[in-house]
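Fold and geometry: a report
Next come the chains, spelled out residue by residue.
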Amino acid sequence: MAEIRLEGVAHSYDGGKTYALNPITMTWKDGKAYALLGPSGCGKTTLLNIISGLLKPSEGKVFIDGKDVTDVITDDRNIAQVFQFPVLYDTMSVRKNLEFPLKNRKVPREKIAQRVKEIAELLGIENDLDSKPSKLRSDLQQIVSLGRGLVREDVSAILFDEPLTVIDQNFKWTLRNRLKRLHLATGVTVVYVTHDQTEALTFADEVLVMDKGNLVQVGTSESLFLEPQHEFVGYFIGSPGMNFLDVEANSSVLTHNGKTIGKAAKAGLNGSHRFGVRPEFLVPSNRSGLEFKIERIEDRGVFKLVHLSKDDFKFIAKTDESYDAKVGGKATFSFDPTRAFVYDAQQRAVSTVSPSSAGGN
């Protein structure tokens, strides 16, 4: 178990012309589970490889439990890493693959047998221990690879690089829950890379959302959903993501094409901004609000996605299954002002909306 600290860590693959990872300073607390979430190419794996020692950062320093390990090789960092695709020895049985990391560290034979049994049962591969990896399905091979990363009890941290990519969709939920249970039982520091928000939000204590080499927000699944501090978080987290609208602020009054949308809670706000509200917080209203035309309704069984249009912009509202409306008709929707955000040109949240003006005119 370990605390991992990054100080100004950044990386360029072309000598500084462009950066795959822009400067990051943060501390990963001992025993916590973190997820690195973002689209392909956002810098997640680069950051993970810097922590593990597979990659030396172009800038900054890496500390593990207060010790500078920036120039320390992977083997001496005492970190286990599980990759996106299986890394196994096919000349060995599954059992021997799981035993290998422990034998290298001269763990007593009895302890090896006990630990391999525990991990095999946790991952559901106890009946495959005497098989060669090549005889197993690709998803089972990856589960064995997971086992190799999990079998050691003395590691400072375990790093997962999209480990469930090749796992059968029906088994992902079960395996994710097992990994979470193991983390709670061992207290080891875990860093988990994924582009799947469900994996990140259900597994991690804290999620680090990344975009274009930048760390845009760190928080719990609840805070990322309820209080997106960056436009990308509003867009990327949630299904569907946040509704956005270009607005002009004049003494905090927000307008779109001359029509008032609401008023920012922050006083004296001026200039071009973006208004954002999640579909969950755009609700049908019999009183004040914005009047929309209903373009389409998707019935998802337990809720409905109502596609709305007004002048030149379109919103989506997520309503109860009981919501009754006709396509082509008109409907009024208001929004929860504490869950509607105003973003600046750097895509950072600068305000919510004043409760007295929620829903606009």
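Residues numbered from 1 in each chain as written. Predicted model: local features only at pLDDT ≥ 70, side-chain atom pairs only at ≥ 80, totals over all residues. Heavy atoms only, no water.

Regarding the overall build of the chain
We count it as follows: Labels follow the DSSP assignment, with helices taken as runs of H or I lasting at least four residues and strands as runs of E lasting at least two, numbered in each case from the N terminus. Exposure categories follow from relative accessible area, calculated using a 1.4 Å probe and restricted to protein chains: below 20% of the type maximum is buried, above 50% is exposed, and the middle band is partly exposed. Any two residues whose heavy atoms approach within 4.5 Å are treated as being in contact. Under the convention used here, a 1.4 Å probe and the Shrake-Rupley method define accessible areas, while residue burial counts only the protein chains that appear. Asp and Glu are treated as the negative residues and Lys and Arg as the positive ones, with His and the ends of the chain left uncounted. Charge coordinates come from a single atom per side chain, which is NZ of Lys, CZ of Arg, CG of Asp or CD of Glu.
Of the regular secondary structure elements, the chain holds 8 helices and 21 strands. If one aligns the C-alpha atoms of the chain with their principal axes, the spans along those axes are about 75 × 45 × 35 Å. Relative to its 361 residues, the chain shows a buried fraction of 50%. Relative to all contacts within the chain whose residues are 6 or more apart in sequence, the contacts with residues 24 or more apart total 65%. Accessible surface computed for the chain: about 17,000 Å², of which carbon and sulfur atoms make up 47%. Placing the 46 positive and 46 negative side-chain charges of the chain at their respective mean positions leaves the two points 1 Å apart.

Some details on a nonpolar patch on the surface
Let me state the cut-off plainly: Here, patches come from residues exposed beyond 30% relative accessible area and free of salt bridges, joined within 9 Å for like charges and within 5 Å for nonpolar side chains (Val, Leu, Ile, Met, Phe, Trp, Tyr). Salt bridges are counted wherever a side-chain nitrogen of Lys or Arg sits within 4 Å of a carboxyl oxygen of Asp or Glu.
On the surface, L54, F83 and V87 cluster together into a nonpolar patch covering about 250 Å² of accessible area. Among the secondary structure elements, L54 is positioned in the loop between α1 (44–52) and β4 (59–64). For L54, a relative accessible area of 47% corresponds to the partly exposed category.

Let's talk about unusual backbone geometry
The linkage connecting S239 with the following residue, P240, adopts the cis geometry, with an omega of -5°. On the secondary structure map, P240 appears in the loop between α8 (231–236) and β11 (243–250). Backbone geometry places K106, a non-glycine residue, at a positive phi of 55°. On the secondary structure map, K106 appears in the loop between α2 (94–104) and α3 (109–123). Positive phi is not limited to glycine here, since N257 has a value of about 50°.

Topic: the environment of I4
Mapped onto the secondary structure, I4 falls in strand β1 (residues 4–11). Distance from I4 to G66, taken between C-alpha atoms, is 8.0 Å for residues 62 residues apart in sequence. Residues within four places of I4 in sequence aside, it is in contact with M26, T27, W28, I51, F63, I64, A157 and T189.

Topic: the side chain of H256
Where we set the bar: In protein, a polar contact means a hydrogen-donor-capable atom and an acceptor-capable atom, both N or O and within 3.5 Å, with residues adjacent in sequence counting only if both atoms are side-chain atoms; elsewhere, any N or O pair within 3.5 Å suffices.
Relative to the elements of secondary structure, H256 occurs in strand β12 (residues 253–256). The class for H256 is buried, based on a relative accessible area of 11%. Only 2.7 Å separates the side chain of H256 from the backbone oxygen of D246, close enough to count as a polar contact. In terms of polar contacts, H256 uses its side chain to reach the side chain of D312, at 2.8 Å.

Observations concerning the packing of aromatic side chains
For the record, the criterion: Two rings from Phe, Tyr or Trp (for Trp, the six-membered ring) form a pair when their centres are within 6.5 Å of each other. A pair whose planes differ by under 30 degrees is stacked, one over 60 is edge-to-face, and the rest are tilted.
Taken as a whole and assessed by the stated rule, the structure comprises 15 aromatic pairs. Taken together, a centroid distance of 5.2 Å and an interplanar angle of 65° make the contact between Y89 and F100 edge-to-face. Note that Y89 is positioned in the loop between β6 (79–82) and α2 and F100 in helix α2, a separation of 11 residues in sequence. Since its relative accessible area comes to 37%, Y89 is described here as partly exposed. An angle of 55° between the planes, with centres 6.1 Å apart, marks the rings of F225 and F281 as tilted.

Comments concerning the pattern of salt bridges
Scanning all chains against the criterion turns up 19 salt bridges. A salt bridge links K111 to E153, with the shortest nitrogen-to-oxygen separation between them at 3.1 Å. Here the residue K111 occupies a position in helix α3, and E153 occupies one in the loop between α4 (138–150) and β7 (157–161), the gap between them amounting to 42 residues. Here K111 falls in the partly exposed class, since its relative accessible area comes to 30%. Among the ionic pairs, D246 bridges to R274, the shortest N-O distance being 3.3 Å. In this pair, D246 sits in strand β11 while R274 sits in strand β14 (residues 271–277), placing the two residues 28 residues apart along the sequence. The class of D246 is partly exposed, set by a relative accessible area of 48%.

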